[in-house]
Amino acid sequence: MKSHASPAGVRLWQRPTARWLLSLLLFVLLWQAIVSIFGIPGYLLPSPVATVEAIADDATLLARHASATIVETLAGLGIALGLGIAVALAMHRSRTLRDLVYPHLVLSQAVPLIAIAPMILIWFGLGALSKILVVAFVCFFPVTVNTYEGFRAVDPAYAELLETFGARWIDRYRHLYLPATLPGILAGAKIAATYSVLGAIVGEWLGGSVGLGVYMTRAQQSFRTDRLFGAILIVMLLSFALFKAVDAAGFVLTPWLRRRHRA
Amino acid sequence: MTAVLTARNVTKRYGDLDVLCGVSLRLEERETVALLGPSGCGKTTLLRILLGLEPADGGEIVGRLDRAGYLPQGGLLFPWKTVLENAELPLQIRGVERAERRAAVAEQLPAFGLTGFEASYPHELSGGMQQRVALLRALLTGCPILVLDEPFGALDVLTRHRMQDWLAELLGRLERTMLFVTHDLEEAVALAERVVLLTDRPAGVLGERTIRLEPSERTDRFGNAFVAARDGLLSLIHQGGL
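(A) Representation of the layout of surface pockets within the structure. All names here are of chain A. Considered as a void within the structure, the largest pocket measures approximately 640 Å³ in volume. As for the largest pocket, its lining consists of 18 residues, and the residues nearest its centre are Leu24, Val28, Leu233, Met236 and Leu237. Mapped by element, the contributors of at least two residues to the lining of the largest pocket are α2 (16-38), α3 (48-57) and α11 (225-253). In terms of residue count, α2 provides more of the lining of the largest pocket than any other element does, nine residues in total. For the lining of the largest pocket, the residue count by class is 16 nonpolar, two polar and no charged. Each of two domains, domain 1 (7-38) and domain 2 (48-262), supplies a minimum of three residues to the lining of the largest pocket.

Structure, rendered in structure tokens:
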């Protein structure tokens, strides 16, 4: 028997969340130390304390910009999810359609976002619509491909069994393809969720009157690096929250996987 | 006796591979027939053709089984559905009201030893219980013919014997027609009234045996009647050079 000085402490350390938090805390401390020790000026690299202070000082304005970004992100992600699943379903239903659509899907991913986003702003204006479309553009691919490949991976023996029950195509999707693919769709949605906030920021960065991207360009132009970092921190928190929200949705939507872990 | 299914000279090949070379089969109303043959001989292909899931290359089939209570190999329960949801699926697809189909499942649960497991997922059940759920689902299709593909193949010997005895007893009450595939001689003797022996691939019919046993003799695997019936099948297989 090994004896531990503090078994409770060891167990806490073995928890992933504890390790995550500790690792992040170490990073912040290191960052603060570097800024303090070397006396780096705030416009070059603001300290964590200065970053948090900048957020607190500008809280009202930041909240207004952040809420615009959140709305664009959720709308774009929602469109990508709805459209992505619909397109995947159509591609799965029709081989012809799949062959016609797939190359566009893959090649669209090769289009540099930073080059096409300004054009989207020119085509659809400087308002929220163009930002929503940029978000939808970046999120569409992971959702569609994960969903379609999920449909394809389903064991055809199940579809045949449903056929002997007299199932129509809509029954096959409801009882088989969609639930079987749900974990894959959720994995795609997780990737999309992390892309989505960045998509909105890129759209706002290139032009507009509201949003965290706009706030960032203004902070940068006035050499308020502390505000820029404050906005970056908020973007990170938004991405993380969205990722966790998809995770939570997955937990609720796939009870059969939940119990597997417990068993 | 009325034949519910007559297949004559059914042939099937996948590319260069001959799978079925002229299989003939008759299924009478309310009888239990076993298709017995070595692993990989084409038994499942034959079932799939009879179920209308795959076309035959040649031959004639009268009275298709495409509305049968089918239990495919491995059971194929839906992992994301509970016991109740799996069992009621055929009724749900037929458009039966929720309350009505739940009542239909609830009525059968005790006989299938599944009471209290309605809300469990398949992976939470033992192999034997999973197969009972799959069988209940096949039964609830309401089709007069049951088609089972190696229903107990994945189970350990003791569980398999228990399941065979249970199914034999159930079949006695249900009065359904049943066609099942197996590679287990004892399973054929325990359940079937008639055994159709298939040759190795490409499958043809090697011969046919009627098993005349009382229900009590079918469960007594060491009894003289059971052993004699099993050895009869075995000698037929050896005469066929399998």
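(B) Local environment of the sheet that holds strand β8 (residues 194-198) of chain B. Residue and element names in this part refer to chain B. Reading across the sheet, the six strands line up as β5-β6-β7-β3-β8-β9 and stay open at both edges, with mixed pairing between neighbours. Among the strands making up the open sheet, the edge pair consists of β5 (69-71) and β9 (205-210). Adjacent strand axes in the sheet meet at a mean angle of 15°, parallel and antiparallel pairs treated alike. Two elements, β5 and strand β6 (residues 145-149), share three bridges in a ladder whose sense is parallel. Bridge pairing in β6 places Gly69 opposite Leu146.

(C) Region of the structure containing the nonpolar core. If you look at the biggest cluster of nonpolar residues, it comprises 80 residues, and the most contacted ones within it are Leu176 of chain A together with Leu35, Leu50, Leu65 and Leu179 of chain B. Sort the elements by how many residues they give to this core and helix α9 (residues 169-205) of chain A lands first, with eleven residues. Membership of the second largest hydrophobic core comes to 48 residues, among which are Leu36, Leu109, Val133 and Ala138 of chain B.

About the criteria used
Residues numbered from 1 in each chain as written. Chains lettered and ligands numbered in written order. Predicted model: local features only at pLDDT ≥ 70, side-chain atom pairs only at ≥ 80, totals over all residues. Heavy atoms only, no water. 1 Å grid on protein atoms, 1.4 Å probe; cavity = no way out; pocket = protein on both sides within 12 Å on 5 of 7 lines; lining within 4 Å. Points joined across faces, edges and corners; volume = space filled by probe spheres on them. Helix = DSSP H or I, 4+ residues; strand = E, 2+ residues; numbered from the N terminus. Nonpolar A, V, L, I, M, F, W, Y, C, P; charged D, E, K, R; others polar. Domains from an automatic or database assignment. Pairing = 2+ DSSP bridges. Axes fitted to C-alpha atoms, helices over the stretch in contact; angles between N-to-C directions. Core = buried A, V, L, I, M, F, W, Y, C linked by side-chain atoms within 4.5 Å. Buried < 20%, exposed > 50% of the residue type's maximum accessible area, 1.4 Å probe, protein only.

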